[in-house]
There are 2 protein chains.
Amino acid sequence: MAGDSQIRIGILSCSNIVRKVSRAINLAPNATIAAIASINNSIEETKSFAASNNFPPTAKIHSSYESLLEDPDLDAVYFPIPASLHVEWAVRAAQNGKHILLDKPVALNVSEFDQIVEACEANRIQFMDGTQWMHNPRTAEIKEFVNDPVSFGHLKTVHSCFSFAANENFLKNDVRVKPGLDGLGALGDAGWYTIQAALLANNFKLPKTVTALPGSILNDAGIVLSCGALLEWEEEGITGTIYCSFLANLTMEITAIGTNGTLRVHDFVIPFQETESSFTTTSSRACYKEHRVVNELPQEACMVTEFARLVGEIKSRGAKPDGFWLSVSRKTQLLVDAVKESIDNNLEPVSLSDR
Amino acid sequence: MAGDSQIRIGILSCSNIVRKVSRAINLAPNATIAAIASINNSIEETKSFAASNNFPPTAKIHSSYESLLEDPDLDAVYFPIPASLHVEWAVRAAQNGKHILLDKPVALNVSEFDQIVEACEANRIQFMDGTQWMHNPRTAEIKEFVNDPVSFGHLKTVHSCFSFAANENFLKNDVRVKPGLDGLGALGDAGWYTIQAALLANNFKLPKTVTALPGSILNDAGIVLSCGALLEWEEEGITGTIYCSFLANLTMEITAIGTNGTLRVHDFVIPFQETESSFTTTSSRACYKEHRVVNELPQEACMVTEFARLVGEIKSRGAKPDGFWLSVSRKTQLLVDAVKESIDNNLEPVSLSDR
């Protein structure tokens, strides 16, 4: 049962990812599922969805998004809805004083996202995007390695890829291949992760230029199914390449090469094991080494716990929202937009220096 | 001592790599060091070099390359000399009926290399470039995996990088950073390996287009110290990226992603251990798997053994030279040239379809 110190989260929709994230909210010691709204299911169906996913019996069932967003018992809302709906509902949530956990891609483009940013800032709202691997304790150790000036030095290049082989049904019907819904395709989905991985490898510094690579594959509606891009940072010769695809075997790699060290991760998005994961490093100062990291909670529950902790700081102590995750989301969206713009403009480089 | 069935190899120069390759010739059961020529050392110095590297006492010492190439007791010659000298001496070797083991890059450009090809063909000469990892038994298993239509499917993308952090002395004085000597810099050296890795991942099929990536670093003399490139094959969306550098921590990675499987190698150029190495795969049909391969001989001795075997087939049975390695070298040189051309032409794509 939810204690008073728990952050009360409402969920918009019964989409598939809710099964995973509702379990995560249940596992998080400082959060509870307080409500769900579905507009595509009857109240009975939603009740049954809630029960079969172990929602607390106290969780309210709303039949409209408006009603959930106006529910005074909620602290925060999780948005597992298509990207095309984010700007409308996230802005409304902020205006209703609800803190926001928003799935990626956070919007269809950065100017949409900036409306969400503005609403969050005007209403002192904590924002976080739902990129779960960012909250795995392994990721903290990876960050520590790539920011170690002795073992890693400074970044020279990073390569990140995330691909999976979508089946025929996905390629025809999933929201991620539909222009009206998640119009950014593999780039907004798998690509989002690879871009955050590249950003993480250079301490979240925004590249100065992004260039899409030859070889993109788009479906008949113009949605990206597979693409690559090159990122260039300000300093001479510091680069990154990303590759994302719905058309290749499941692969989730980061290879970051510094002046003194190298990092490799084989399962950065979803670790092969839920509560233990690893990465390997080599360094001019140390041989090939495997680092094993145990996490008591699955990474999605670590994400919810951190989100609820930040919301709790605001609620109980009047803290200001922590802008870090919002800034990471904005940079990621900027890069997603830039890759798309480069694809649409015959692979011309896109400068980010004034964005 | 050399038996009659052994292939008698002469070595041009006392360069550093000779220490490793002469040991490999000593280890190969079917080859022997029969002579060495150095033009930069006195006869006494060369004798002492030969003794300290365990050359057989019967190995002759020549004071000129001409004299070694005319030595009727030699079957073959190993050329650890700067790339700018390859065309002259390799053509002369072929004209003297000597089989050729030539270090990479095989020439300064493919039109030079074609003179070597012509001389080899005219004189029925066995050719092989000195890319040692290609002959590691692990590489045969890697080839088998990426050519398996079930476990790997067909290639979607491959990423390969080879970098090492050269010291100040190397960056000032090594032949690999001098325009007059190995004028292709990191591209002809580290890049050569990455290009062969990318070719191997697609069954040695030549890409149709090559585009250098932004972010190359050249020294004051215009020699590449670090660069990347994108390869595109004929089939839509099949790509590869390579990265080579003298300016980043030692890293030797291949990540090849097929429709059904993924291959990862962390030490493809020089295995972390001399007589055992590994690679990992995942496949839609099998989980993450580590493959360990034991090789009785170090990979450079495997190379010499295979070279001597091919020469032996010609010598003892009148076989025709095996053209496979020559064709791999030519494709690699074509790609090296194309990356350089793209760097020199403002990163314009270079078509290989008519080369």
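No experiment lies behind these values; they were computed from the predicted model shown.

Analysis parameters
- Residues numbered from 1 in each chain as written.
- Chains lettered and ligands numbered in written order.
- Predicted model: local features only at pLDDT ≥ 70, side-chain atom pairs only at ≥ 80, totals over all residues.
- Heavy atoms only, no water.
- Salt bridge = Lys/Arg side-chain N within 4 Å of Asp/Glu carboxyl O.
- Helix = DSSP H or I, 4+ residues; strand = E, 2+ residues; numbered from the N terminus.
- Buried < 20%, exposed > 50% of the residue type's maximum accessible area, 1.4 Å probe, protein only.
- Pairing = 2+ DSSP bridges.
- Axes fitted to C-alpha atoms, helices over the stretch in contact; angles between N-to-C directions.
- Contact = heavy atoms within 4.5 Å.
- Phe/Tyr/Trp six-rings, centres within 6.5 Å; stacked < 30°, edge-to-face > 60°.
- Buried area = accessible area lost by both parts, 1.4 Å probe.
- Polar contact = N/O pair within 3.5 Å; in protein donor to acceptor, adjacent residues only side chain to side chain.
- Nonpolar A, V, L, I, M, F, W, Y, C, P; charged D, E, K, R; others polar.

J.: What is the right way to read the pattern of salt bridges from this model?
T.: Pairs can form between side chains of opposite charge once their charged atoms are near each other. All names here are of chain B. Applying the stated criterion to the full structure yields 40 salt bridges over all chains. A salt bridge links K60 to D73; the shortest N-O distance between them is 3.0 Å. Linking K60 in strand β3 (residues 60-62) with D73 in the loop between α3 (65-69) and β4 (76-79), this pair joins segments that are 13 residues apart in sequence. A relative accessible area of 31% places K60 in the partly exposed class. Measuring nitrogen to oxygen at the nearest pair gives 2.7 Å for the salt bridge that ties D114 to R330. Here the residue D114 occupies a position in helix α5 (residues 110-122), and R330 occupies one in helix α11 (residues 324-344), the gap between them amounting to 216 residues.

J.: What am I meant to see in the pairing of strand β13 (residues 261-265) of chain B here?
T.: The two faces of a sheet get side chains in turn, since along a regular strand they alternate between them. All names here are of chain B. Counting buried positions over the five residues of β13 gives five, a clear majority of the element. Judged by which residues are buried, β13 turns out to be covered on both faces: G261, L263 and V265 on one side and T262 and R264 on the other are all buried. Bridge count for strand β12 (residues 247-258) against β13 is four bridges, and the pairing is antiparallel. Paired with A256 across the two strands is L263, which belongs to β13. Hairpin connection, β12 to β13: the antiparallel pair is bridged by two residues.

J.: I'm lost on the sheet that holds strand β6 (residues 127-129) of chain B in this one. Help?
T.: Consider a sheet: its strands pair through backbone hydrogen bonds, and that pairing is either parallel or antiparallel. Residues and elements named next belong to chain B. Overall, parallel pairing links the six strands, which are arranged β3-β2-β1-β4-β5-β6 in an open sheet. Every other strand in the sheet has two partners, leaving β3 and β6 as the edge strands with one partner each. Taking each pair of neighbouring strands and ignoring which way they run, the sheet shows an average axis angle of 25°. As paired elements, strand β2 (residues 31-37) and β3 share three bridges and run parallel to each other. The residue bridging A37 from the neighbouring strand is H62, located in β3. Helix α2 (residues 43-52) contacts β2 and β3 of the sheet and is inclined by roughly 140° relative to β3.

J.: Could you clarify how one ought to interpret the packing of aromatic side chains in this entry?
T.: The geometry of an aromatic ring pair is captured by two quantities: the separation of the ring centres and the angle between the planes. For the structure shown, the criterion picks out 26 aromatic pairs over all chains. With 5.6 Å between their ring centres and 65° between their planes, A:F145 and A:F152 make a pair best called edge-to-face. The same class applies to A:F145 as to A:F152, namely buried. The interplanar angle of 90° and the centroid separation of 5.1 Å between the aromatic rings of B:Y65 and B:W89 together place this pair among those described as edge-to-face. On the criterion of sequence distance, the pair formed by B:Y65 in helix α3 and B:W89 in helix α4 (residues 86-95) is long-range, its members being 24 residues apart. Considered together, B:Y65 and B:W89 belong to a single accessibility category, that of buried residues. By the ring-pair criterion, three or more aromatic residues cluster together here, those being A:F162, A:F164, A:F170, A:Y193 and A:F246.

J.: Help me understand the sheet that holds strand β1 (residues 7-12) of chain A, please; the structure alone is not making it clear to me.
T.: Residues and elements named next belong to chain A. The sheet built from six strands is open, its strands ordered β3-β2-β1-β4-β5-β6 with parallel pairing. The outermost strands of the open sheet, each flanked by one partner alone, are β3 (60-62) and β6 (127-129). Pairwise comparison of adjacent strand axes, ignoring direction, gives a mean angle of 25° for this sheet. Lying over the sheet, helix α1 (residues 17-27) contacts β1, β2 (31-37) and β4 (76-79), oriented at roughly 145° with respect to β2.

J.: Could you clarify how one ought to interpret the interface of chain A and chain B in this entry?
T.: A common measure of how large an interface is: the accessible area buried when the components associate. On the chain B side, the residues contacting the 39 residues of chain A number 39 residues. Buried surface at the junction of chain A and chain B, summed over both partners, amounts to about 2,900 Å²; 62% is from carbon and sulfur atoms. Summed over the three residues of chain A that lose the most area to chain B, namely A:P214, A:Y243 and A:N249, the buried surface amounts to 18% of that side. On the surface where chain A and chain B come into contact, there are two salt bridges. Joining chain A to chain B, the criterion identifies eleven residue pairs in polar contact (both at pLDDT 80 or more). For the side of chain A that touches chain B, the secondary-structure elements that each account for two or more residues are β7 (155-165), β10 (224-232), β11 (239-245), β12 (247-258), β13 (261-265) and β14 (276-283) of chain A. Of all the elements, β12(A) adds the most residues to the side of chain A that touches chain B, at nine residues. Residues that form the side of chain A that touches chain B fall into these classes: 13 nonpolar, 21 polar and five charged.

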